[in-house]
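An overview of the molecular structure
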Amino acid sequence: LIAPYDPTLVDLPNRLKPPSWSNPFGTDEMGRDVLSRLLYGGRISLMIGFVPTFISMVVGTVLGLVAGYFGKQVDFVIMRLADIVLAFPSLLLAMVIMYTMGASTLNLFIALSIISWAGTARVVRAQTLSLREKEFVEAANAVGVNRWVLMFRHILRNCLPSMIVLFTLEIPSAI
């Protein structure tokens, strides 16, 4: 959709052209636009970077909120599960998951999501533990706001700045 030319279109008279306004990265030895080929080829790489990061952020956020808000046994179970995931080398764990599930893009998304949710859960849990002691949370509890509404409407909104920083740090490492 955003590539200026067809990335497979061979145009021999325009081969090896330097960068210009019509071809910002120039053309290759077959006359194909290099920018169009770069954009076309980067689709899968960018998808492999963004989709698992998004999935792990959602899963880690929900588990971190639940662990931090409810505490006690729920917190213990979720954080020990996160410790187990973090104890293994991430590349090795991803390879084991891919080997057992088979090679496909969907399985790669699942494997990368499984190995990266724990860090997000820890950050959100820490934020939730500090936020649940604040006055606005106690006031919402006093007026009878539902626990889930309190977690997702009040606490999550205050966790978002730290999550945005975490998300921007995870994208380059996933790519």
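Just above sits the structure.
Overview of the structure. Just so we're clear, the structure is a prediction, and the values are computed from it rather than from any experiment.

**Quick word on the overall build of the protein**
Check the secondary structure of the protein and you find 6 helices and 0 strands. The order of α-helices and β-strands along the protein, N terminus first, is α-α-α-α-α-α. Against the globule reference of 16 Å for 175 residues, the protein gives a C-alpha radius of gyration of 23 Å, more extended than a compact globule. Along the longest, intermediate and shortest principal axes, the C-alpha atoms of the protein span 75 × 40 × 20 Å.

**Looking at unusual backbone geometry**
You will see that L16, though not glycine, has its phi angle at about 55°, which is positive. As for its placement among the helices and strands, L16 is situated in the segment before α1 (34–70). If you check the backbone angles, K72 has positive phi at about 50° while not being a glycine. Among the secondary structure elements, K72 is positioned in helix α2 (residues 72–87).

**Some words on the packing of α1 against α2**
Where α1 contacts α2, the axes come no closer than 7 Å and their chain directions differ by 145°. Along this stretch, α1 crosses α2, giving a crossing that reads as left-handed. For the pair α1 and α2, the contacting residues are L63, V66, A67 and F70 in the first and K72, V74, D75, I78 and M79 in the second. When grouped by side-chain class, the residues that make up the contact of α1 with α2 number 7 nonpolar, no polar and 2 charged.

**What to know about the pattern of salt bridges**
Side-chain pairs of opposite charge can arise where the charged atoms are in close proximity. For the structure shown, the criterion picks out 6 salt bridges. The closest approach of N and O atoms between D28 and R37, which form a salt bridge, is 3.8 Å. We classify D28 as buried; its relative accessible area is 11%. Here R80 ties to D83 by a salt bridge, and the two come within 2.9 Å at their closest N and O atoms. A residue pair is termed a helical-turn pair when its members lie 3 or 4 positions apart in one helix, as R80 and D83 do in helix α2 at 3 residues. Residues participating in the shared-partner salt-bridge network are D28, R32 and R37.

**So, the side chain of S56**
Considering the arrangement of structural elements, one finds S56 in helix α1. Taking the relative accessible area as the measure of exposure, S56 reaches 1% and is therefore buried. A distance of 3.0 Å separates a polar atom in the side chain of S56 from the backbone oxygen of T53. Within the structure, the side chain of S56 is placed 3.3 Å from the side chain of S116, a separation counted as a polar contact.

About the thresholds
Residues numbered from 1 in each chain as written. Predicted model: local features only at pLDDT ≥ 70, side-chain atom pairs only at ≥ 80, totals over all residues. Heavy atoms only, no water. Helix = DSSP H or I, 4+ residues; strand = E, 2+ residues; numbered from the N terminus. Rg over C-alpha atoms; globule rule 2.2 N^0.38 Å. Axes fitted to C-alpha atoms, helices over the stretch in contact; angles between N-to-C directions. Left-handed = near helix turned anticlockwise from the far one by under 90°. Contact = heavy atoms within 4.5 Å. Nonpolar A, V, L, I, M, F, W, Y, C, P; charged D, E, K, R; others polar. Salt bridge = Lys/Arg side-chain N within 4 Å of Asp/Glu carboxyl O. Buried < 20%, exposed > 50% of the residue type's maximum accessible area, 1.4 Å probe, protein only. Polar contact = N/O pair within 3.5 Å; in protein donor to acceptor, adjacent residues only side chain to side chain.

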